[in-house]
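# Topology and contacts: notes
Next come the chains, spelled out residue by residue.
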Amino acid sequence: MNPAFSVVIFTTIIGAAQGLVVALALAELAGLPLSAAFVSALLIVAVAMLLIGLGASFGHLGRPERAWRAVLMWRTSWLSREVILLPAFIGVLVLWWLAQRAGRATPLLPLAAIVLAALLWYSTAMIYACLRFIQEWAQPLTPVNFTLIGLSSGLVLVSALAALADEVALLRVTGPGALLVTLLAWVTRALSLRNNATLKHRSTLQTATGIKAPKLQQKAMGMSAGSFNTREFFHGRTLMMLRQMKIALLVLCFALPALLALWALNAGGTLAWVLAVLVQAPGLLAERWFFFAQAKHPQNLYYQVVS
C-alpha cells in the first residue's frame, strides 16, 4: 500500500494522545496527588493533539465537506464508529477540563475517557484488521499493536511532562509504566513483523486468472500509464528502503526509548525523558509508515508485478 502521510500523522498523534489521557485518568482514579494546573495542562495538550490529528485526516479526503456522511454507516463500518468516537472522546476531555477548572472533579469523566480511548483504539485498528484480503493487517496483533504503541508513546510523553513539571508522584508511576509498555509493544510488534515476513499469500496469478498452470508468467503491467490503482495501492519504494525503515522503527520507536527510560529511572532528571520523546516521535512515524507500506494489496499482482 502507498502510505498517505495524513493518515500516518492522524493514527500516530491520536494514539499518543489516547495514551496520555489513559495515563492521566488512571493516575486520577488512583488518587495520586496532582496539581490542578498540571492536569488541566495535560488535558489541553491531549485535546490539541487530537484536533491536529483530526485536521490531518481531512488531507486524505477527496471531498472534505462530505466527511460528516461517514457517520451514517456506523452499524457496519469501523471507520464510521471511529468518526463517532473521536469527537465523543474530545468532548469528554473538554468536560473533564471544565470540571477541573470549576473544582468539581468527578471520577466518572476519567473513567469515561479510558473507555472511549479503548474503543477508539480498537475501532481504528479494526478499520485495517477487518480487511481479510490484506493478510498483513488481518491478524489479532493489529489492534494489540495500535493499543500498546499508543500507550507507550503516551506514557513516555506524560513522563517527560511530569519530569519537566516536577510532578514526582506521577513520574514514579508513569516512568516504570513507560518502560514496561514500550518493551511489551516492542515484543508484539516484532511478532507481527515476523508473521508478515513469513506470510504465504493466498492470492496468486493462478487464483486471479483461474489458470492452474504452475509456471504462469505476467508480461504486462495492466496499464501503459499511471492511474489511481498504480498510485494508491503501491508505495514504489525499493526493498532496501523498506529494510532501512524496518530497522529505524525498531530502534527509534522501541529500543532507544526503552534505553532512555531505563537511564531516567536509574539516574533521574528530565533530560532522558525529553530525549525519549524526541527519539520516539520519528520512530512512531516510521512504524506507522511501514505498517501501511508492508501491506500487499492483491490488485498489485496485476497492476505492479511484471515478470
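Check the entry above for the structure.
What this report covers is the structure whose coordinates are included nearby. (Residues numbered from 1 in each chain as written. Predicted model: local features only at pLDDT ≥ 70, side-chain atom pairs only at ≥ 80, totals over all residues. Heavy atoms only, no water.)

## What to know about the overall build of the chain
Along its length, the chain carries 11 helices and 0 strands. Here the C-alpha radius of gyration of the chain, 21 Å, is about what a compact globule of 307 residues would show, namely 19 Å. Projecting the C-alpha coordinates of the chain onto the three principal axes gives extents of approximately 70 × 45 × 30 Å. In the chain, buried positions account for 45% of the 307 residues. Put simply, of all contacts in the chain between residues at least 6 apart along the chain, 78% involve residues at least 24 apart. When the accessible area of the chain is evaluated, it comes to approximately 15,500 Å², of which 69% is carbon and sulfur surface. Across the chain, 22 positive and 8 negative side-chain charges occur, with their mean positions spaced 16 Å apart. (Helix = DSSP H or I, 4+ residues; strand = E, 2+ residues; numbered from the N terminus. Rg over C-alpha atoms; globule rule 2.2 N^0.38 Å. Buried < 20%, exposed > 50% of the residue type's maximum accessible area, 1.4 Å probe, protein only. Contact = heavy atoms within 4.5 Å. Areas by Shrake-Rupley, 256 points an atom, 1.4 Å probe, with all protein chains shown as cover. Lys, Arg positive; Asp, Glu negative; His and termini not counted. Charge placed at Lys NZ, Arg CZ, Asp CG, Glu CD.)

## Notes on the nonpolar core
Ranked by size, the top nonpolar core spans 70 residues in total, and within it Val21, Leu50, Phe89, Leu93 and Trp96 carry the most contacts. Where this core is concerned, the elements lending two or more residues are helix H1 (5-29), helix H2 (36-57), helix H3 (78-102), helix H4 (108-129), helix H5 (141-165), helix H6 (168-197), helix H9 (239-267) and helix H10 (271-294). The leading source of residues in this core is H1, at 12 residues. In this structure, Phe89 is in contact with Gln18, Val21, Leu50, Ala113, Leu116, Ala117 and Leu120, ignoring residues within four places of it in sequence. (Core = buried A, V, L, I, M, F, W, Y, C linked by side-chain atoms within 4.5 Å.)

## Here's the deal with the pattern of salt bridges
Side chains that carry opposite charge are capable of pairing whenever their charged atoms lie near each other. Per the counting criterion, the structure on display carries 2 salt bridges. Notably, a salt bridge pairs Arg189 with Glu287, separated by 2.7 Å at the nearest N-O pair. A residue pair is termed long-range when its members are at least 10 positions apart, and Arg189 in helix H6 and Glu287 in helix H10 qualify at 98 residues. What makes Glu287 buried here is its relative accessible area of 2%. The closest approach of N and O atoms between Arg288 and Glu287, which form a salt bridge, is 3.1 Å. By the burial criterion, Arg288 is buried, and Glu287 matches it. Each member of the salt-bridge network shares a partner with another, and the members are Arg189, Glu287 and Arg288. (Salt bridge = Lys/Arg side-chain N within 4 Å of Asp/Glu carboxyl O.)

## Observations concerning the packing of H1 against H4
For the pair H1 and H4, the least separation of the axes is 9 Å and the interaxial angle reads 155°. Looking at the two axes, H1 sits roughly antiparallel to H4. In this structure, H1 crosses over H4, and the sense of that crossing is left-handed. Contacts between H1 and H4 involve Val7, Thr11, Ile14, Gly15, Gln18, Gly19, Val21, Val22, Ala25, Leu26, Glu28 and Leu29 from the former and Pro110, Leu111, Ala113, Ile114, Ala117, Leu120, Trp121, Thr124 and Tyr128 from the latter. Class assignment of the residues belonging to the contact of H1 with H4 gives a composition of 15 nonpolar, 5 polar and 1 charged. (Axes fitted to C-alpha atoms, helices over the stretch in contact; angles between N-to-C directions. Parallel < 35°, antiparallel > 145°, perpendicular 65-115°, else oblique. Left-handed = near helix turned anticlockwise from the far one by under 90°. Nonpolar A, V, L, I, M, F, W, Y, C, P; charged D, E, K, R; others polar.)

## Digging into unusual backbone geometry
For Asp166, which is not a glycine, the phi torsion comes out positive at approximately 60°. With respect to the helices, strands and loops of the structure, Asp166 is situated in the loop between H5 and H6. Look at Asp166 and you get exposed, because its relative accessible area is 60%.

## A few points about the packing of aromatic side chains
Two numbers describe a pair of aromatic rings. These are the distance of the centres and the angle of the planes. What the rule picks out here adds up to 9 aromatic pairs. Centre to centre, the rings of Tyr128 and Trp137 are 5.1 Å apart; their planes meet at 75°, and the pair counts as edge-to-face. In this structure Tyr128 comes out as buried when scored by relative accessible area, which is 11%. Owing to a relative accessible area of 3%, Trp137 belongs among the buried residues under this scheme. Ring geometry for Tyr128 against Phe146: centres 6.1 Å apart, planes inclined by 25°, an arrangement best described as stacked. With Tyr128 in helix H4 and Phe146 in helix H5, the pair connects residues that are 18 residues apart, well separated along the chain. Residues Tyr128 and Phe146 agree in their burial class; the two are buried. Here a set of aromatic residues connected by ring pairs shows up, and it is made of Tyr128, Trp137, Phe146, Phe291 and Phe292. A cation over a ring is seen here: Arg81 above Trp78, with NZ or CZ 4.5 Å from the ring centre. For Arg288, the ring lying beneath its charged end belongs to Phe146, and the centroid distance is 4.2 Å. (Phe/Tyr/Trp six-rings, centres within 6.5 Å; stacked < 30°, edge-to-face > 60°. Lys NZ or Arg CZ within 6 Å of the ring centre and 35° of its normal.)

## A look at the environment of Val168
Looking at the element boundaries, Val168 is found in helix H6. Val168 sits 57 residues away from Leu111 along the chain, and the two C-alpha atoms are 23 Å apart.

## Describing the side chain of Ser123
On the secondary structure map, Ser123 appears in helix H4. A relative accessible area of 3% places Ser123 in the buried class. The contacts of Ser123, once residues within four sequence positions are left out, are Trp78, Arg81, Glu82 and Leu85.

## Brief notes about the packing of H3 against H4
The contact between H3 and H4 brings their axes to 9 Å, and the two run at 160°. Relative to H4, the element H3 is oriented roughly antiparallel. Seen along the crossing, H3 lies across H4 with a hand that is left-handed. Residues of the contact of H3 with H4, tallied by class, amount to 22 nonpolar, 2 polar and 2 charged.

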